[in-house]
Amino acid sequence: NIVQATMTRCRVVHQTSRAFVTDVRPSCRGSHPSGVLHAFRSTVWTVAAPKLLIQSGNSCKSSREEHAFAWIENSAHLESALSHFETCSFDRKRMVFMPYSAKENWLERYPQFLPVFECTQDGNIVAGLGALGSMALAGHAAASSSAILLSAAAAVAGSNFSI
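Everything in this summary refers to the structure shown in the same document. (Residues numbered from 1 in each chain as written. Predicted model: local features only at pLDDT ≥ 70, side-chain atom pairs only at ≥ 80, totals over all residues. Heavy atoms only, no water.)

This part is about the overall build of the protein. Secondary structure summary: the protein contains five helices and five strands in total. Going residue by residue from the N terminus, the α and β elements of the protein occur as α-β-β-α-β-α-β-β-α-α. Within the span of the protein, comprising 163 residues, buried residues form 32% of the whole. Expressed as a percentage of contacts within the protein between residues at least 6 apart in sequence, the contacts between residues at least 24 apart total 62%. (Helix = DSSP H or I, 4+ residues; strand = E, 2+ residues; numbered from the N terminus. Buried < 20%, exposed > 50% of the residue type's maximum accessible area, 1.4 Å probe, protein only. Contact = heavy atoms within 4.5 Å.)

Below you can see the structure in the form of structure tokens.
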């Protein structure tokens, strides 16, 4: 049995979670201007499944969690970022802002959670370092690898494109 073999090598659990922790002192958290906006959404859809998985038919419900991050340089312009995420089908009620000392510190601590866009000091929305994430955020999950590479190259080159 595959599950039993796996259990001998590691612990099997039904869920995991990830906690993000601010590096801003508690006394400064309410007034610190920069940080990360974390948006979350869950999508449920019907997918085809092999008949041996489902005896009564060939489809089942599946769901996907999506997390996206934006770097906010000045929280006075947080509304711009919230609105931008909403245009990408994220619900404002499922977004949280976490003060963070500097974008470089966030990237050092959480390199796998690159911001898909940034809200600049003056409130402009520009492409972030997470170009691959911005492709998914824009609804291009099935984008070709060449389009993803071009998007990543544009982000590295510093292009200001919208998601």
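Rolling a probe over the atoms, with the probe sized like a water molecule, indicates the empty space that remains. Considering only enclosed or pocket space, the second largest pocket measures out at about 180 Å³ in volume. Around the second largest pocket, the lining residues are T16, S17, R18, F20, H38, E65, H67, F69 and F113. With three residues, strand β2 (residues 59–72) is the single largest residue contributor to the lining of the second largest pocket. (1 Å grid on protein atoms, 1.4 Å probe; cavity = no way out; pocket = protein on both sides within 12 Å on 5 of 7 lines; lining within 4 Å. Points joined across faces, edges and corners; volume = space filled by probe spheres on them.)

Among the structural elements, E73 can be located in the loop between β2 and α2 (78–87). C-alpha of E73 to C-alpha of K103: the two residues are 30 residues apart in sequence and 8.3 Å apart in space. A polar contact of 2.9 Å, which involves the side chain of E73, links it to the side chain of W71. (Polar contact = N/O pair within 3.5 Å; in protein donor to acceptor, adjacent residues only side chain to side chain.)

Quick look at the packing of aromatic side chains now. This structure, assessed with the given rule, holds ten aromatic pairs. Considering the side-chain rings of F20 and Y110, the 5.2 Å spacing of their centres and the 70° angle between planes classify their relative orientation as edge-to-face. Linking F20 in the loop between α1 (2–9) and β1 (35–48) with Y110 in the loop between α3 (103–109) and β4 (117–119), this pair joins segments that are 90 residues apart in sequence. Clustering of aromatic rings is evident, with ring pairs tying together F20, F69, Y100, W106, Y110 and F113. The cationic tip of R41 hangs over the ring face of F90; the distance from NZ or CZ to the ring centre is 4.1 Å. (Phe/Tyr/Trp six-rings, centres within 6.5 Å; stacked < 30°, edge-to-face > 60°. Lys NZ or Arg CZ within 6 Å of the ring centre and 35° of its normal.)

The subject of this paragraph is the nonpolar core. By size, the foremost hydrophobic cluster in this structure holds 15 residues, and its most contacted members are L37, I72, F85, F90 and M95. Every element with two or more residues in this core is listed here: β1, β2, α2 and β4. The biggest single contributor to this core is α2, with four residues. With sequence-adjacent residues up to four places away left out, I72 is seen in contact with P33, S34, G35, L37, L78, A81, F97 and C119. By size, the runner-up hydrophobic cluster in this structure holds nine residues, among which are F69, W71, M98 and Y110. (Core = buried A, V, L, I, M, F, W, Y, C linked by side-chain atoms within 4.5 Å.)

Within the fold, T22 resides in the loop between α1 and β1. Separated by 3.1 Å, the side chain of T22 and the backbone nitrogen of V24 make a polar contact.

Under the criterion given, the structure shown has five salt bridges. Between R41 and E66 there is a salt bridge, and its shortest N-O distance comes to 3.0 Å. With R41 in strand β1 and E66 in strand β2, this pair connects stretches of sequence that are 25 residues apart. Overall, the relative accessible area of 12% leaves R41 in the buried class. For the salt bridge of E86 with R92, the shortest nitrogen-to-oxygen distance reads 3.0 Å. For E86, a relative accessible area of 35% puts it in the partly exposed group. (Salt bridge = Lys/Arg side-chain N within 4 Å of Asp/Glu carboxyl O.)

Listed in full, the buried residues belonging to α2 are L78, A81, L82, H84 and F85. The buried residues of α2 occupy one face: seen down the axis, they fall within an arc of 160°. S89 occupies a position one or two residues after α2 and carries a positive phi of about 70°. (Arc of directions from axis to C-beta.)

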